[in-house]
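Tertiary structure, described
Residue strings, one per chain:
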Amino acid sequence: MSLHRADTLGGHAAVAGIGATEFSKDSGRSELKLAVEAVHAALDDAGLTPADVDGLVTFTMDTSPEITVAQAAGIGELSFFSRIHYGGGAACATVQQAAMAVATGVAEVVVCYRAFNERSGHRFGSGLQSRQPSAEGVAMGWTMPPGLLTPASWVALHAARYLHTYGLSPDVLGHVAVADRRHAATNPAAYFYRRPITLAEHAASRWIVEPLRLLDCCQETDGGQAVVVTSVERARDLRHAPAVIAAAAQGAGRAQEAMTSFYRDDLTGLPELGVVARQLWRSSGLRPEDVDTAVLYDHFTPFVLMQLEEFGFCGRGEAAAFAADGGLELGGRLPVNTHGGQLGEAYLHGMNGIAEGVRQLRGSSVNQVAGASAVLVTAGTGVPTSGLVLTADG
Amino acid sequence: MNLELEAYQGLPSTVAGVGPDPVNAPMIRHWCEAMGDTVPPDGVAPPAMLQAWTMGQSGRSEHFDSLMRELEAAGYGSVVATDCEQEYARPLRIGERVLFDSVIESVSAEKHTALGTGHFVTTRMNVRAYDEAAGEKPGEATPVGTHRFRILKFRPTGKGERPQAVDTRPRRPRPVVNRDNAGYWDGVAAGELRFQRCDACGTARFPWLPGCNACGGDQWHAEAASGDGAVYSKVTVHHPLPVAFGGKPYAVALVELAEGVRIVANVVGAAADQVTIGMPVRLGFQRFDEELVLPVFHPAGPDRLPPLRVPLTRTLIVSGAIASRDYQDVHHDAELARAKGAPDIFMNILTTNGLVGRYVTDWTGPDARIEAIAIRLGVPAYPGDELQFSGEVTERGEDGRTVLAIRGTNRLGVHVSGTVKVRRHG
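Residues numbered from 1 in each chain as written. Chains lettered and ligands numbered in written order. Predicted model: local features only at pLDDT ≥ 70, side-chain atom pairs only at ≥ 80, totals over all residues. Heavy atoms only, no water.

A UniProt comment under Sequence similarities (unreviewed entry) is attached to chain B, and it reads "Belongs to the enoyl-CoA hydratase/isomerase family." (UniProt positions renumbered as here; feature names shortened; annotations may be inferred.)

In the annotation of an unreviewed UniProt entry, chain A is listed under the name Acetyl-CoA acetyltransferase and assigned to Streptacidiphilus jiangxiensis.

Written out as structure tokens, the structure reads:
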């Protein structure tokens, strides 16, 4: 990867398997157990066994270490293990790590996983109480005493400036909220299964942190999701057609912070995703119009709009009109989050979105985009982040 | 209980009251020292002292005492002053003797309040004065002003529901301090908002970091912000609502300072929905508990009074009570205050009124005269806290008259809100 030149990672590795636990509000079991179940499910999906695995990648935020997952999942020796930082920003980067390991021969089969009891255990939305005086703690510490304590509050402070700059009402966020729930409504795994919402319901939902309403916020979920990465050649011999990793990128912006980048530029964009977008387009050789569907990280609706702009699907300040015009819906200009997203399906820190990207290429999504052959997937927004372009083989 | 309280309405509560002392320099000086105010020039008394000259038993009618006895017998044993509305027809000068009469204007039906259940009793006093020192006679007295005073005679709610001592309240998250940003918090303690400036390239920066993002330089110095800024972005937090933040929706703003750096802070002195992007604001500091002081911002502009912080020392509360000749034990004796259910002594309404007067005259300077102060008390003011005044012009008349809305808040909430009318001369 490079800030300045196309990289050569694309085309070497593929996602060969995806697997998840059920998504619930109370899993009734440990986070480690969820992780092991997800890893097994993904290996089964690929037609591989624990004995085939020589690499594991997860998030620094995950509580289940690679070695413990290996120990409990029947995985033996590991030649590669890695963790990515910055919350949901890690999601696509776990696949990038795996692809780099596979492309260089460091490992042959790498499983990326994320599992937590984010609803029945520690809820991110319950609010920070304190932080250690590390560099990271100090960075977060500036906003705690005045009362920005939750992810919703950090995102809202960006969103308020975005809406103000473009003269938009918070109601425009409803187009994202509605599109995701409409997709979730046909997805049996989704929390919003059979429960589409209307713009009026969005506008009537209670404020969480104004300008964000309840229906602008993602689910809180217990569950685990894993994906299996191996070489394209090996993937061709496995159970499903490979989802080729055409490009993978990480990005951090200048003066980047984790959720609290309030002190740079004009707060109307996501510069770290701009870094990711430049690399993905350059390295994949694709352009926005070549993408059939996208999974855009949606812990909160406003950052979905900003991502459309950062990736060039529309101009600056035009995303609300793009969404209002049905652009995110099936049959629209860019069907987004066809599984329902984290707003509608489940909040799995972006890993469930990678799985949906794979399903679209396999033709097995509950909201299949006909003939989808190129999918964009993004990871956590407001933090140092990552993205993938997945394409059909051949 | 069915009390015959309406019968008291219209009956006199003070008849032919005479101020025990003429308006005099020592009492004025004592008052000004207590309030932290400047002694007015030309022998004029601070207008908010009006009631102080009338304190004592002179002229007290049996009707008022009988009303109080009846309410006490009915179980409304506690009393708290809630409102004070004064209009000043003319200044009072040293040497004048004050005369006053008052009536029981109204006795409310039984009301349920945060403090307890009881009846509001409102009295209205007319105050006159004559220049005794210059040999004038009582018959030559001319109107000085009117004074409407409202108290609540009440039966306190259960102890658990009483306002708690400030020390036991949940506290806001603590600042996260290490070697890289200690200088910032030292600045806050010194009443300054300090940002960094790179010695190599001159770029101002916030948050605090040991090096410059613009050039990588590691040499820097701290500068104190001028305090002017504007709201760059703003949210209103509705959920979750930690008790430490008052338990109701609150505004958090990203303020861009005149120097170009931004900081996340609360905007105080304005309702959350009144804080808007682009609004000019002015730096202040607010104490939230014994150890936490934070920079805050107040709405700014020509129609805004600069904020004033008044530390609520025990000395201020006691000396204010004594300077206003209010010897109620709850204002100076902590043991007796606790016996009556309060966590500590608390400020009397006359002192609050005096501080409101001081806040306004600090802003107007000597060329203006206060014509009226009307205040309502909210939460009590206990020692160890801090009172933070903010105010804005709500009306500008053509004859130099200005109406101000004033608020004084402390850790428990809004202690006083009210209206002050001032008239600027020439």
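On to the overall build of chain B. Within chain B, the secondary structure is distributed over 6 helices and 19 strands. Against the compact-globule benchmark of 22 Å for 426 residues, chain B has a radius of gyration of 24 Å, which places it among compact chains. Overall size of chain B, expressed as C-alpha extent along the three principal axes, is 80 × 55 × 35 Å. Of all 426 residues assigned to chain B, the portion counted as buried reaches 50%. Taking all contacts inside chain B whose residues are at least 6 apart in sequence as the whole, residues at least 24 apart take part in 69%. (Helix = DSSP H or I, 4+ residues; strand = E, 2+ residues; numbered from the N terminus. Rg over C-alpha atoms; globule rule 2.2 N^0.38 Å. Buried < 20%, exposed > 50% of the residue type's maximum accessible area, 1.4 Å probe, protein only. Contact = heavy atoms within 4.5 Å.)

A count of helical and extended segments in chain A gives 13 helices and 11 strands. Principal-axis analysis of the C-alpha atoms places the extent of chain A at approximately 55 × 45 × 45 Å. The buried share among the 394 residues of chain A stands at 64%. Taking the contacts inside chain A whose residues are at least 6 apart along the sequence as the reference set, 75% of them involve residues at least 24 apart. Accessible surface, chain A as shown: approximately 13200 Å² in total, 52% of it carbon and sulfur. (Areas by Shrake-Rupley, 256 points an atom, 1.4 Å probe, with all protein chains shown as cover.)

Turning our attention to the UniProt feature "domain: FAS1-like dehydratase" (unreviewed entry) in chain B. In this structure's numbering, the residues bearing the UniProt feature "domain: FAS1-like dehydratase" (unreviewed entry) are residues 42-128 of chain B. In the segment residues 42-128 of chain B, helix accounts for 14% and strand for 44%; the C-alpha atoms at its two ends are 20 Å apart.

A few words now on the sheet that holds strand S9 (residues 220-224) of chain B. Reading across from one edge, S8-S7-S9 (chain B) is the order of the 3 strands in this open sheet, with antiparallel pairing throughout. The sheet terminates laterally at strand S8 (204-205) and S9 of chain B, the two strands that pair on one side only. (Pairing = 2+ DSSP bridges.)

Our focus in this paragraph is the UniProt feature "domain: Thiolase C-terminal" (unreviewed entry) in chain A. UniProt tags residues 255-384 of chain A as "domain: Thiolase C-terminal" (unreviewed entry). Helix and strand shares over residues 255-384 of chain A are 35% and 6% respectively, and the end C-alpha atoms of the span are 11 Å apart.

Residues and elements named next belong to chain A. Its 15 residues place the ends of helix H5 (residues 151-165) 22 Å apart at the C-alpha level, agreeing with the 21 Å of an ideal helix rising 1.5 Å per residue. Of all 15 residues in H5, 13 are buried; the element is thus mostly enclosed. Directly beyond the C-terminal end of H5, a positive phi value near 65 degrees is found at Gly167. (Expected span 1.5 Å × (residues − 1).)

Here we come to the packing of helix H1 (residues 31-46) of chain A against helix H2 (residues 66-73) of chain A. All names here are of chain A. It is at 9 Å that the axes of H1 and H2 come closest, and there the two elements cross at 65 degrees. When the axes of H1 and H2 are compared, the pair comes out roughly perpendicular. The two elements H1 and H2 cross, and the hand of that crossing is right-handed. Contacts between H1 and H2 involve Leu32, Ala35, Val36, Val39 and His40 from the former and Thr68, Val69, Ala72 and Ala73 from the latter. (Axes fitted to C-alpha atoms, helices over the stretch in contact; angles between N-to-C directions. Parallel < 35°, antiparallel > 145°, perpendicular 65-115°, else oblique. Left-handed = near helix turned anticlockwise from the far one by under 90°.)

We now examine the interface of chain B and chain A. Each partner contributes to the interface: chain B provides 35 residues, whereas chain A provides 42 residues. Run the count over chain B and chain A and you get 0 salt bridges. Taken together, chain B and chain A are joined by 16 residue pairs in polar contact (both at pLDDT 80 or more). Mapped by element, the contributors of at least two residues to the side of chain B that touches chain A are helix H3 (182-189), strand S10 (228-237), strand S11 (250-257) and strand S12 (262-267) of chain B. By residue class, the composition of the side of chain B that touches chain A is 23 nonpolar, 8 polar and 4 charged. Across 2 bridges, strand S5 (residues 207-210) of chain A lies against S10 of chain B in antiparallel orientation. Counterpart to Val209 of chain A in the pairing with S10 of chain B is Val237 of chain B. (Salt bridge = Lys/Arg side-chain N within 4 Å of Asp/Glu carboxyl O. Polar contact = N/O pair within 3.5 Å; in protein donor to acceptor, adjacent residues only side chain to side chain. Nonpolar A, V, L, I, M, F, W, Y, C, P; charged D, E, K, R; others polar.)

According to UniProt, the positions carrying the feature "domain: Thiolase N-terminal" (unreviewed entry) are residues 30-231 of chain A. Secondary structure over residues 30-231 of chain A splits into 38% helix and 17% strand, and the C-alpha atoms at its two ends are 32 Å apart.

Residue and element names in this part refer to chain A. Scanning the entire structure with this criterion turns up 20 aromatic pairs over all chains. A ring pair is formed by Phe124 and Tyr347, whose centres lie 6.1 Å apart and whose planes are at 90 degrees; its orientation type is edge-to-face. Taken together, the residues span a long stretch of sequence, with Phe124 in the loop between strand S4 (109-117) and helix H4 (135-141) and Tyr347 in the loop between helix H12 (341-344) and helix H13 (351-362) at a distance of 223 residues. Both residues of the pair, Phe124 and Tyr347, count as buried. On the basis of an interplanar angle of 90 degrees and a centroid distance of 5.9 Å, the ring pair of Trp281 and Phe311 is categorised as edge-to-face. (Phe/Tyr/Trp six-rings, centres within 6.5 Å; stacked < 30°, edge-to-face > 60°.)

Residue and element names in this part refer to chain A. Examined against the element boundaries, Ala379 turns out to sit in the loop between strand S10 (374-378) and strand S11 (385-392). Classification of Ala379 by relative accessible area gives buried; the value is 0%. In this structure the C-alpha to C-alpha distance between Ala379 and His299, which are 80 residues apart in sequence, comes to 10.0 Å.

So, on to the UniProt feature "domain: ChsH2 C-terminal OB-fold" (unreviewed entry) in chain B. The feature "domain: ChsH2 C-terminal OB-fold" (unreviewed entry), as annotated in UniProt, sits at residues 223-286 of chain B in this numbering. The distance separating the terminal C-alpha atoms of residues 223-286 of chain B is 20 Å; by composition the span is 0% helix and 52% strand.

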